[in-house]
Amino acid sequence: MSHIRSSYTDACAFYGRHTPRELAETYGTPLYVYNENILRQRCRELMGLSAHPGFGVNYSVKANANPALLKIVREEGLVVDAMSPGELYMDELAGFTPEKILYISNNNSAAELQNALVRGLLVSVDSLSQLDLLGGLNPGGKVMVRFNPGIGAGHHAKVITAGKATKFGVTPDKLDAVLALVKRHNLTLAGLNQHIGSLFMEPEGYLNAAEVLLHLAERLPEEALAKLEVIDFGGGFGIPYRKYDGEARLNMDELGARLHALISGWAAKTGYKGRFLVEPGRYVAAECSVLLGRVHAVKNNGEKRYVGTDLGFNVLVRPAMYDSFHDLEIYEAPGPQDRAELLQTIVGNICESGDILAKDRTLPALHESDVLGVLDAGAYGFTMGSNYNMRRRPAEVLIQGDGTARLIRRRENLEDLARCLLD
């Protein structure tokens, strides 16, 4: 059976020994399909950005927290973060030990902070209030502080995590107040971190923000700089979502060369012996997954053609929340069909007018029983899913290095929806 639009996944043998329709028939839809080889490739590209001693990659678990994928990330030498007790639990299930986990969160309760501290984690705080709270819980301990470099990046306001219009981080003008609280609680300032946002495709803004953080580190008293163990430049590295339009990739060679020169030169100048980390959750996970769904209804409202699928925003919320673009592939249903290109709007099965997966796309005509593939669904896909409309969350399948498929999360059943209810 031919596919109507599948050149991208064909070229990278994404589905291994299987076809997408076979996977949809075997495991049902919606279905998240992950490719181990692509995940490992992205990890290796990031780890190769710099050969400087202490350089590393901190995978942001919020992008995708399935322990089967986290184990692969661990095998490739990355460290991870956690921003909640649940993410920390997933890190531990995947075999990460405390020295390989950073707790980078915001607006935590004392109980959440204590949960991280008793596990021996280095905890990052992003406000003076949280620094004071942590100091009271862990006097004489270590702390990391998240600063806001004043430079943000991202395709949508909701993914920009630095600058004046965001909740994150301590502004650099508060450095003296940070040092005063560190001294009051006899803390060691062991780390500095930041995050400018998601989906930057040019290295300039990221490197500028990295320089801001290094300049901030230089403002530390000599004895404080000497105790610094971690400088985390944050993320988030972009990927080309418009693959069928030939969108260029982020130039990792250029980024790596310039980042290596920056950190090596700064370490030589200051005598810094600690770790430098980058934090690219999306770049690690996004491209290793395709979300499969089915077309169940096609209709015209006036002149507008709607294609109704089982891919509601409970399964993939990014298009509805961020106006995000995801390329689509079409895997043909049995029987002859008219495949003339048409302007179509692809929608889900959620009872909301905003349940739109792809608006006004010119694509070969879709028909009932077609299987759709949503590219680049591995980051902020399943992890942001919900049970809205009491829809069950989907299964996840891993295409292993040898091309075979392995179920790594079963589909929820109706009993799962009631599991936490009490009479």
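Since the model is a prediction, treat every value here as computed from it, not as a measurement.

### So, the side chain of E87
Mapped onto the secondary structure, E87 falls in helix α5 (residues 85-93). For the buried E87, no salt bridge is present, and the opposite-charge side chain at shortest range is K62, 6.7 Å distant. Polar side-chain contacts of E87 include one of 2.9 Å to the backbone nitrogen of M83. Dropping the residues within four chain positions of it, E87 is found in contact with V61, K62 and A82.

### Concerning helix α4 (residues 67-75)
If you check which residues of α4 are buried, you get P67, A68, L69, L70, I72 and V73. Looking at where α4 begins, the residue whose side-chain oxygen comes 2.9 Å from the main-chain nitrogen of A68 is N66. Positive backbone phi, at 95°, marks G77, one or two positions downstream of α4.

### Brief notes about the pairing of strand β20 (residues 405-409)
Where a strand is regular, its side chains alternate between the two sheet faces. Looking at chain direction, strand β19 (residues 395-399) and β20 are connected through 4 bridges and run antiparallel. Note that in β20 the partner of L398 across the bridge is R406. Taken together, β19 and the strand that follows it, β20, pair antiparallel across an intervening segment of 5 residues, in which G403 is found at a positive phi of about 90°.

### Here we look at empty space enclosed by the protein
According to the stated counting rule, one finds 1 cavity of 30 Å³ or more in the structure shown. Within this model, the largest cavity holds a volume of roughly 40 Å³. Elements with a contribution of two residues or more to the lining of the largest cavity: α4 and α12 (281-285). At 3 residues, α4 tops the list of elements feeding residues into the lining of the largest cavity. Along the lines of polarity and charge, the residues of the lining of the largest cavity split into 8 nonpolar, 2 polar and no charged.

### Description of the UniProt feature "active site" (unreviewed entry) in the protein
Look at the UniProt record and you will see "active site" (unreviewed entry) annotated at C351. Note on placement: C351 falls in the loop between β16 (341-347) and β17 (356-364). Residue class for C351 comes out exposed when judged on its relative accessible area of 67%.

### Points about the confidence of the model for the protein
Should the pLDDT be low somewhere, the predicted coordinates at that spot are not to be read in detail. The share of residues in the protein with pLDDT of 70 or more is 95%, and the mean pLDDT across the chain is 94. Long-range and interchain partners of residues 152-163, a stretch whose pLDDT sits below 50, account for 42 contacts in this model, where long-range means more than four residues apart.

### Details of the nonpolar core
Core analysis: the biggest nonpolar cluster contains 116 residues, and Y59, L228, I231, F233, F237, F276 and L292 have the highest contact counts within it. Examining the composition of this core, we find that 8 residues originate from one element, helix α9 (residues 203-218), more than from any other. A domain split of this core shows at least three residues from each of domain 1 (4-34 + 288-417) and domain 2 (49-284). One finds I104, L122, M144 and L277 within the second-largest nonpolar core, a separate group that totals 8 residues.

So, how was this worked out
- Residues numbered from 1 in each chain as written.
- Predicted model: local features only at pLDDT ≥ 70, side-chain atom pairs only at ≥ 80, totals over all residues.
- Heavy atoms only, no water.
- Helix = DSSP H or I, 4+ residues; strand = E, 2+ residues; numbered from the N terminus.
- Buried < 20%, exposed > 50% of the residue type's maximum accessible area, 1.4 Å probe, protein only.
- Lys, Arg positive; Asp, Glu negative; His and termini not counted.
- Salt bridge = Lys/Arg side-chain N within 4 Å of Asp/Glu carboxyl O.
- Polar contact = N/O pair within 3.5 Å; in protein donor to acceptor, adjacent residues only side chain to side chain.
- Contact = heavy atoms within 4.5 Å.
- Pairing = 2+ DSSP bridges.
- 1 Å grid on protein atoms, 1.4 Å probe; cavity = no way out; pocket = protein on both sides within 12 Å on 5 of 7 lines; lining within 4 Å.
- Points joined across faces, edges and corners; volume = space filled by probe spheres on them.
- Nonpolar A, V, L, I, M, F, W, Y, C, P; charged D, E, K, R; others polar.
- UniProt positions renumbered as here; feature names shortened; annotations may be inferred.
- pLDDT = per-residue confidence, 0-100.
- Core = buried A, V, L, I, M, F, W, Y, C linked by side-chain atoms within 4.5 Å.
- Domains from an automatic or database assignment.

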